[in-house]
Amino acid sequence: MTAWLLAFFILWSGVAVADESVSVVDRQKENKTARTTLNIYKLPLKPGVAYRLQTAIGYITTIDLPEEAQKVFIGDADLFKAEVYGEQVLIKPSTDYPDARTNLTIYTKTSRLAFDVTVGAPETADFVLDFHASEEDALVANEFKAKLDEKKAALESEYQTKAQEQAKTVEKLTQEKLEEEIKQGTVSKKLKISVKDNGIQINMLSLSEIGGENYLRFSILNYSDHDYEVERIVAGKELVRRGVVSQRKEGFVPVDVSVNLEGKIPKNSYHYGLIRFEKLILKKNERFVLRFYEKQNNQPLQVDGIPVEAA
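Turning to the overall build of the protein chain, a few remarks are in order. Counting its regular elements, the protein chain contains three helices and 19 strands. The buried share of the protein chain, reckoned over its 311 residues, is 36%. When contacts within the protein chain are restricted to residue pairs at least 6 apart in sequence, those whose partners lie at least 24 apart make up 60%. Total accessible area on the protein chain stands at roughly 19100 Å², and carbon and sulfur atoms take up 52% of it.

This part takes up unusual backbone geometry. Here Asn268, not a glycine, exhibits a phi torsion of approximately 60 degrees, which is positive. Looking at the element boundaries, Asn268 is found in the loop between strand S16 (258–261) and strand S17 (269–278). Located in the positive-phi region is Asn285, a residue other than glycine, with phi close to 70 degrees. Among the structural elements, Asn285 can be located in the loop between S17 and strand S18 (286–294). Here Asn285 falls in the partly exposed class, since its relative accessible area comes to 21%.

Moving on to the confidence of the model for the protein chain. Detailed reading of the predicted coordinates is not advisable wherever pLDDT is low. Counting all residues, the mean pLDDT for the protein chain is 79, and 74% of those residues have values of 70 or more. Per-element confidence in the protein chain ranges from a low mean pLDDT of 40 for helix H1 (residues 2–13) to a high of 94 for strand S7 (residues 88–93). This stretch, residues 1–22, has a pLDDT under 50; its non-local contacts, to residues over four places away or in other chains, come to 19 contacts.

A few words on the packing of aromatic side chains. Scanning all chains against the criterion turns up nine aromatic pairs. Their ring planes at 80 degrees and their centres at 6.0 Å tell us that Tyr159 and Tyr223 sit as a pair that is edge-to-face. With a gap of 64 residues between them, Tyr159 in helix H3 (residues 135–183) and Tyr223 in the loop between strand S13 (213–222) and strand S14 (230–242) connect regions that are remote in the sequence. Residue classification places Tyr159 among the partly exposed residues on the basis of a relative accessible area of 30%.

Here we come to the pairing of S17. The alternating pattern of S17 places Ser269, His271, Gly273, Ile275 and Phe277 on a buried face, while none of Tyr270, Tyr272, Leu274, Arg276 and Glu278, on the opposite face, is buried. Sheet analysis places S16 next to S17, joined by four bridges and oriented antiparallel. Along S17, the bridge assignment pairs Val259 with Ile275.

This next bit is on the pattern of salt bridges. Here the structure, examined in full by the defined rule, presents nine salt bridges. Among the ionic pairs, Glu213 bridges to Arg276, the shortest N-O distance being 2.9 Å. Taken together, the residues Glu213 in strand S13 and Arg276 in strand S17 connect sequence positions 63 residues apart. Note that Arg291 and Glu238 form a salt bridge whose closest N and O atoms lie 3.1 Å from each other. Note that Arg291 is positioned in strand S18 and Glu238 in strand S14, a separation of 53 residues in sequence. For the pair Arg291 and Glu238, a shared accessibility class is recorded, and that class is buried. Taken together, the salt bridges that share partners define one network made up of Glu238, Arg287, Arg291 and Asp304.

In this structure, Met204, Leu290, Phe292 and Ile306 are the most contacted members of the largest nonpolar core, which totals 27 residues. For this core, the secondary-structure elements that each account for two or more residues are strand S11 (187–197), strand S12 (200–210), S13, S14, S17, S18 and strand S19 (301–303). The element that contributes the greatest number of residues to this core is S12, accounting for four residues. Leu290 has contacts with Met204, Leu216, Ile233, Val234, Ala235, Ile275, Leu301, Gln302, Val303 and Ile306, leaving out every residue within four places of it along the chain. Leu53, Ala100, Leu104 and Phe131 belong to the second-largest nonpolar core, a separate cluster that totals 21 residues.

Looking now at the sheet that holds strand S9 (residues 112–119). Read across the sheet, four strands follow the order S3-S9-S8-S5 without closing on themselves; strand pairing throughout is mixed. If you trace the sheet from one side to the other, it starts and ends with strand S3 (50–55) and strand S5 (69–74), each paired once. Between one strand axis and the next, the sheet turns by 25 degrees as a mean value, whatever way the strands run.

A few words on the environment of Pro93. As for its position among the elements, Pro93 is in strand S7. According to the relative accessible area criterion, Pro93 is buried, its value standing at 10%. Sequence spacing of Pro93 and Tyr59 is 34 residues, and the spatial spacing of their C-alpha atoms is 8.1 Å.

Another point: the environment of Pro66. Its location among the elements puts Pro66 in the loop between strand S4 (61–64) and S5. Judged by its relative accessible area of 43%, Pro66 falls in the partly exposed class. Along the sequence, Pro66 and His132 sit 66 residues apart, while their C-alpha atoms lie 5.9 Å from each other. With residues up to four places along the chain from it excluded, the contact list for Pro66 reads Leu45, Glu87 and Phe131.

The rules we used
Residues numbered from 1 in each chain as written. Predicted model: local features only at pLDDT ≥ 70, side-chain atom pairs only at ≥ 80, totals over all residues. Heavy atoms only, no water. Helix = DSSP H or I, 4+ residues; strand = E, 2+ residues; numbered from the N terminus. Buried < 20%, exposed > 50% of the residue type's maximum accessible area, 1.4 Å probe, protein only. Contact = heavy atoms within 4.5 Å. Areas by Shrake-Rupley, 256 points an atom, 1.4 Å probe, with all protein chains shown as cover. pLDDT = per-residue confidence, 0-100. Phe/Tyr/Trp six-rings, centres within 6.5 Å; stacked < 30°, edge-to-face > 60°. Pairing = 2+ DSSP bridges. Salt bridge = Lys/Arg side-chain N within 4 Å of Asp/Glu carboxyl O. Core = buried A, V, L, I, M, F, W, Y, C linked by side-chain atoms within 4.5 Å. Axes fitted to C-alpha atoms, helices over the stretch in contact; angles between N-to-C directions.

Structure below.
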């Protein structure tokens with residue numbers, strides 16, 4: 001009777017006394033693992049599987065995950081200790097009871113892993129369980145990435161087409177306005193000055209002189225992912241010292257201007273504006289500049305090279 005009870009206890013605990021390698025082989029078959037070196041295994045990450053994990057007194061078992069462990073729950077925290085370090089979970093027993101046993105559950109961002117944890121001899125313990133995505137999951141992930149890249153390319157192409165159509169529309173309207181001004185007898189000069197930064201493009205369209213005053217027409221195109229609103233436009237004369245290979249800015253003298261510009265410019269749209277100021281004659285090394293300040297942004301978009309003296 002005593003021998004029968006001992007045999008029943010051994011089979012129930014999962015620890016083989018006569019042949020310790022049997023428990024390792026059985027656990028490998030059940031977990032479908034591949035031993036890469038002594039006591040280190042690679043496992044496919046599959047849902048709905050309860051993995052068997054054997055620990056040993058004086059040793060730790062490391063569970064390597066493909067992503068960070070967000071939550072870890074252990075059934076009996078008095079018999080086993082679990083520590084979490086990002087993508088690694090460390091398990092070790094705190095008792096040498098041969099029948100010590102508990103369950104362990106790990107939650108990651110995309111997976112849930114369940115373990116049946118036991119205690120055994122060091123030579124049969126699991127040192128490292130290295131989890132990796134299954135081939136099926138990898139194929140799904142690659143297919144998803146391919147579709148995402150395809151969608152991204154289509155959106156970029158659509159954006160470029162729309163931008164080109166808007167640019168053609170602006171050019172047409174600009175030309176029509178210029179022809180209208182010429183018919184009215186104003187002295188006008190068509191401009192091709194443009195600056196662009198962070199999806200915002202400012203175009204100088206024309207400079208007209210009427211009655212000793214300059215009228216500068218411009219447009220603002222918003223290709224960014226947010227609405228754009230000009231808080232203020234600062235105009236002035238900037239002194240530039242030109243060297244042999246470089247130039248430096250040495251001063252800025254503000255110029256009074258009046259601005260006519262609609263308020264907020266929604267994304268993927270554009271507005272026209274008009275700046276009026278008295279006719280200027282620039283001295284040597286001076287240039288006329290405009291600084292466009294957006295709300296909550298101290299770094300302006302600066303436009304220079306506007307030939308105000310030649311209007």
